[in-house]
Amino acid sequence: MTPAGQADGARDTSGDPGEAAGGPSGEWQQANQRYLVAALDVLGHLLAGTPDEPGPAVDDAGLERAIRRRDEARGAMPAPPALEAIADGLDMSAFERDVLLMCAGVELDSAFARICAGAQGDPARAYATFGLGLARLPGAHWSAIGPAGPLRRWHLVRLTEPDVPTTSPLRVDERILHALAGISYLDPRIEPLTEPLTGALSGPRRLPPALRTAAREVADRWSGRLAPAERVLLHGRRRGDLRSAAAAACVELGMRPVCLRASSLPQDPAERDLLARLCERETVLDGVAWVIDAEDTDPSAGRLALDMAGRIEAPVVVTAGEPMSAYGGIRPAHVEVGDDGTADLRTAWRDALGPAATALSGWVDRAAGQFALDLDTVRAVAGALPPIGDEGETDPDVAGAALWDACRRWSRTGLDGLAERITPRARWEDLVLPATHMDVLKQIVAHVRHRHTVISDWGFGARTGRGLGAAALFAGPSGTGKTLAAEVVAGALRLDLYRVDLSQVVSKYIGETEKNLRRVFDAAEAGGAVLLFDEADALFGRRSEVKDSHDRYANIEVGYLLQRVEAYRGVAILTTNLKDTLDPAFLRRLRFVVQFPFPDAEARTRIWRRSFPEAAPTEGLDLPALARLSVSGGTIRNIALSAAFLAADEGEPVRMAHLLAATRTEYTKLERPLTGTEVAGWTS
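Position numbers for residues start from 1 in each chain and track the written sequence from start to end. Where totals are concerned, whole chains, interfaces and linings use all residues; where local detail is concerned, this predicted model gives features only for residues with pLDDT of at least 70, and gives and counts side-chain atom pairs only at 80 or more. Water and hydrogen atoms were dropped before computing side-chain values, which therefore reflect all heavy atoms in the structure.

### Side note on the overall build of the chain
Working step 1: Looking only at helices and strands, one finds 30 helices and 14 strands in the chain.
Working step 2: In the chain, which comprises 684 residues, the share counted as buried stands at 49%.
Working step 3: Whether two residues touch is decided by their heavy atoms; if any such pair falls within 4.5 Å, the residues are in contact. Of the contacts formed within the chain by residues at least 6 apart in sequence, a portion of 76% connects residues at least 24 apart.
Working step 4: Working note: accessible area of the chain is about 30900 Å², and carbon and sulfur atoms make up 50% of it. Note on conventions: DSSP H or I runs of at least 4 residues are helices, E runs of at least 2 residues are strands, and numbering of each starts at the N terminus. Buried means the residue's accessible area, taken with a 1.4 Å probe over protein chains only, is under 20% of the maximum for its type, while exposed means over 50%, and partly exposed covers the values in between. Only the protein chains shown count as cover for residues, and the accessible areas themselves come from Shrake-Rupley with a 1.4 Å probe.

What follows is the structure, encoded as structure tokens:
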């Protein structure tokens, strides 16, 4: 089976996406119509006559003139006619080609339909039959109507009464009829299962190096320049970039890429087999190469993708985030796409931004180092920015901040369904911590902010991929500011903060916890969000001796976590109330450890002072007296907020009496006794 779009060999269409789509030119369409009319005229001469005659009533002179006109029409065509391309592409015999043309003729020309009726001796039988073809057409053979023959294997024609194949009306498929007439479109039975490859119709020369290399390898395998393989598994990197590389490989060979969603493929094997035949038809009709997107949370989608790839006898590439083992005997050639370095992402940004890249160079460097976006997203963000730099246009810093925030929004799509997004509102001045602890938090911010400079520009990343992340442990009693500090870090970095619910991550089933962690980190990688794992000791406690398979897999899960946090481009913050329960080996793998102390009286005074906004009315508050309460910062804020509601309900400013009532409520919730000594002198 030869794709019609490759009849003249591979073409370089990197500068013309429309050409890669295989749309016929107006000149070819007109010439194809003239050829089709002439070919039907020849066929009409062969079919002419009645059933009583031993053979066709051939007008030799008329037939010769018809053949000459057909050959002249063929010679004037700029490219092969559709009938010839389909017959050659599907390896059809001359008789099978004529049967197909006969079926199309009765739909295209009423005069041709009358010829068929006359040849069958019944005006009501103005349709093609296989028996008519056997009786009147040269080179006839019975196998042409068999299920394995091209006519029925690729569903070019349909027997309306399969039990009587010789006399049954033989109908041409609508998609094939239109293709013979030179009308190009994707089969309506395939189109609902596809999704667009927006922005991907460019040749490998316009891709970053890693994608360019992968695209060329896929094209080389399809073309036979490497060990030939029609089926290729393209894995790694980001979903959009995998699809761009796959599409570029198609364009390199002058083929039209069409993407099938693995999750939409039919579950029934017979339906998949029909779909495969229709896909093979489209490869011949319109030079289509198939991209099957297996990037789906359902593992069955990957198996369906490989099964479908095995059924399609045409160029097909499966895109997936991870390598997949053989399925059902299908062993596609593996092509891995490595990550582009920051320098390559900078180039992609500069290409997309054009002249504005110079004014935004600082923001471009930061975005390239922080956000692992695919090419389509880079172009979309760049295209949405307003004009930058000249008088009356957007200030570069404003535009740069808009670029950064747009990257952050685009990168959060995969994570929103896996973790809770928290909007950071806390600022540095809201933290009450010793100066040394504040310094460590600022080091975390500096580590992420300048990651691309140190890791990429200064070459530290070339030496090792381990230990380059900004993983941190925040340890300390509840309410001492661990979550507040995570908000501050995220706000200072202008990154999203996500709280990961460990109760949804940890699973009693072997291997499930690791899979859940992989989903979280893979989704977070695009934007390097700040990940907050609350109560981490529940998952990452002291590793036990291996006594059974569950112990062994628990240790594997911890090892997997260590691997991911060390390489994560954002910040992974683990919080614990009990630092001593953590494995020391685990602590050594974390870059930062911050011990949040229980606040002393001086710290509590500062927390009380900052618990009331400037707009909140207060009267007679005794902060040193309030600081005698031996409670954490979180409890202080709860009491202050409850007291504010009590005061607002009474239409008064916040007074010590309101704070006393709120304190009693909070202590009751904590199941702690409130002594008279702690609140002595609060009210007169």
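### Some details on the pattern of salt bridges
Working step 1: Take a side-chain nitrogen of Lys or Arg and a carboxyl oxygen of Asp or Glu: if they are within 4 Å of each other, that pair is a salt bridge. According to the stated counting rule, one finds 40 salt bridges in the structure shown.
Working step 2: A salt bridge links R97 to D98, with the nearest nitrogen and oxygen atoms 3.7 Å apart.
Working step 3: R97 gets classed as partly exposed once you look at its relative accessible area, which sits at 30%.
Working step 4: The class for D98 is buried, based on a relative accessible area of 12%.
Working step 5: A salt bridge links E280 to R153; the shortest N-O distance between them is 4.0 Å. Here E280, found in helix 12 (residues 269-286), pairs with R153, found in helix 8 (residues 150-153); they are 127 residues apart in sequence, far enough to count as distant.
Working step 6: According to the relative accessible area criterion, E280 is buried, its value standing at 0%.

### Quick word on empty space enclosed by the protein
Working step 1: Lining residues are those with an atom within 4 Å of a point, where the points come from a 1 Å grid over the protein atoms alone and group into cavities, where a 1.4 Å probe fits but cannot get out, or pockets, open sets with protein on both sides within 12 Å along at least five of seven lines. Grid points are joined across faces, edges and corners, and a volume is the space filled by probe spheres set on the points. Inspection of every chain in the model, using the stated rule, returns 2 cavities of 30 Å³ or more.
Working step 2: Taken as a whole, the largest cavity encloses approximately 70 Å³ of empty space.
Working step 3: Taken together, R366, G369, Q370, W404, V448, R449, R451, H452, L493 and L495 make up the full set of residues lining the largest cavity.
Working step 4: Mapped onto the lining of the largest cavity, the elements with two or more residues apiece are helix 16 (361-370), helix 19 (435-449) and helix 20 (451-457).
Working step 5: Here the element with the most residues in the lining of the largest cavity is helix 16; it accounts for 3 residues.
Working step 6: Gly is put with the polar residues, along with every residue not named as nonpolar or charged; the nonpolar set is Ala, Val, Leu, Ile, Met, Phe, Trp, Tyr, Cys and Pro, and the charged set is Asp, Glu, Lys and Arg. Classifying every residue of the lining of the largest cavity gives 4 nonpolar, 3 polar and 3 charged.
Working step 7: Put simply, the second largest cavity is a space of about 60 Å³.

### Examining the packing of helix 2 (residues 26-47) against helix 5 (residues 94-108)
Working step 1: The geometry of helix 2 relative to helix 5 is characterised by a closest axis approach of 10 Å and an angle of 105 degrees between their N-to-C directions. Between helix 2 and helix 5, the angle falls in the class roughly perpendicular. Contacts between helix 2 and helix 5 involve L36, A39, L40, L43 and L47 from the former and D98, L101, M102, G105 and L108 from the latter.
Working step 2: The class makeup of the residues in the contact of helix 2 with helix 5 is 8 nonpolar, 1 polar and 1 charged. As a rule, the C-alpha atoms of each element are fitted with a line to give its axis, helices using only the stretch in contact, and angles between N-to-C directions run from 0 to 180 degrees. Working rule for angles: under 35 degrees goes down as roughly parallel, over 145 as roughly antiparallel, 65 to 115 as roughly perpendicular, anything else as oblique.

### Here's the deal with the packing of aromatic side chains
To describe a pair of aromatic rings, you give the distance between the ring centres and the angle between the ring planes.
Working step 1: Pairing of aromatic rings covers Phe, Tyr and Trp, the last counted by its six-membered ring, and requires centre-to-centre distances within 6.5 Å; plane angles under 30 degrees mean stacked, over 60 mean edge-to-face, and any other angle means tilted. What the rule picks out here adds up to 7 aromatic pairs.
Working step 2: For the pair F130 and W142, a centre-to-centre distance of 5.5 Å together with 70 degrees between the ring planes defines the contact as edge-to-face. One end of the pair, F130, is in helix 7 (residues 130-136); the other, W142, is in the loop between helix 7 and helix 8, with 12 residues separating them in the sequence.
Working step 3: Owing to a relative accessible area of 0%, F130 belongs among the buried residues under this scheme.
Working step 4: Plain terms: the ring middles of F371 and W404 are 4.7 Å apart, the flat faces sit at 70 degrees to each other, and that makes the pair edge-to-face. With F371 in the loop between helix 16 and helix 17 (375-384) and W404 in helix 18 (residues 396-411), this pair connects stretches of sequence that are 33 residues apart. W404 carries the same exposure label as F371, and that label is buried.
Working step 5: Clustering of aromatic rings is evident, with ring pairs tying together F95, F130 and W142.

### Focus on the pairing of strand 14 (residues 592-595)
Working step 1: With burial as the criterion, only one face of strand 14 is covered, namely that bearing F592 and V594; the residues V593 and Q595 on the opposite face remain uncovered.
Working step 2: At least two bridges found by DSSP between two strands are what make those strands a pair. As defined by bridge partners, strand 10 (residues 472-475) adjoins strand 14 across 4 bridges and the pair is classed as parallel. Across the sheet, the residue bridging to A475 is Q595, located in strand 14.

### Let's talk about the sheet that holds strand 4 (residues 231-235)
Working step 1: Strand order in the open sheet formed by 6 strands is 3-5-6-7-4-8, and the pairing between neighbours is mixed. The open sheet has two edge strands with one neighbour each: strand 3 (194-195) and strand 8 (333-336).
Working step 2: Taken together, the 6 bridges between strand 5 (residues 256-261) and strand 6 (residues 288-293) define a ladder with parallel strand orientation. Residue pairing in the sheet places R256 in a bridge with V288 of strand 6.
Working step 3: Relative to strand 8, helix 10 (residues 209-223) is tilted by about 165 degrees, and along the sheet it contacts strand 4, strand 6, strand 7 (316-320) and strand 8.
Working step 4: Taken strand by strand, helix 12 contacts strand 5 and strand 6, and its axis lies near 140 degrees from that of strand 6.

### Examining unusual backbone geometry
Working step 1: In this structure, H155 is a non-glycine residue whose phi angle is positive, near 55 degrees.
Working step 2: The topology assignment puts H155 in the loop between helix 8 and strand 1 (157-159).
Working step 3: Assessed through its relative accessible area of 31%, H155 is described here as partly exposed.
Working step 4: Backbone geometry at R494 places phi at a positive 55 degrees, although glycine is not the residue there.
Working step 5: For R494, the location among the structural elements is in the loop between helix 22 (482-493) and strand 11 (497-500).

### Quick word on the environment of D522
Working step 1: Along the chain, D522 falls in helix 24 (residues 512-525).
Working step 2: You can call D522 partly exposed: its relative accessible area is 39%.
Working step 3: Each C-alpha atom, one on D522 and one on R238, is 9.4 Å from the other, the two residues being 284 residues apart in sequence.

### Section: the environment of D286
Working step 1: On the secondary structure map, D286 appears in helix 12.
Working step 2: Overall, D286 belongs to the buried group, its relative accessible area being 6%.
Working step 3: Along the sequence, D286 and M255 sit 31 residues apart, while their C-alpha atoms lie 8.2 Å from each other.
Working step 4: A distance of 2.8 Å separates the side chain of D286 from the side chain of R256, its partner in a polar contact. Contacts described as polar in this section are N or O atom pairs within 3.5 Å, which, within protein, must combine one atom able to donate a hydrogen with one able to accept it, while residues neighboring in sequence count only if both atoms come from side chains.

### A word on the side chain of D307
Working step 1: Following the sequence through the fold, D307 ends up in helix 13 (residues 299-311).
Working step 2: For D307, a relative accessible area of 17% puts it in the buried group.
Working step 3: At 2.7 Å, the side chain of D307 and the side chain of R311 are in polar contact.

### Considerations on helix 6 (residues 110-119)
Working step 1: For helix 6, the complete set of buried residues consists of F112, A113, C116, A117 and A119. Down the axis of helix 6, the buried set is contained in an arc of 165 degrees. They therefore lie on one face. Exposed side of helix 6, more than 90 degrees from the buried face: S110 and R114 are the residues found there.
Working step 2: Residues of helix 6 that are buried in the fold lie against helix 2, helix 5 and helix 7.
Working step 3: The N-cap of helix 6, judged by a side-chain oxygen 2.9 Å from the amide nitrogen of A111 a few residues on, is D109.
Working step 4: Remark: G121 follows helix 6 within two positions and exhibits a positive phi of approximately 70 degrees. It is the directions from the helix axis to the C-beta atoms that the arc portrays.

Read these as geometric descriptors, not functional statements.
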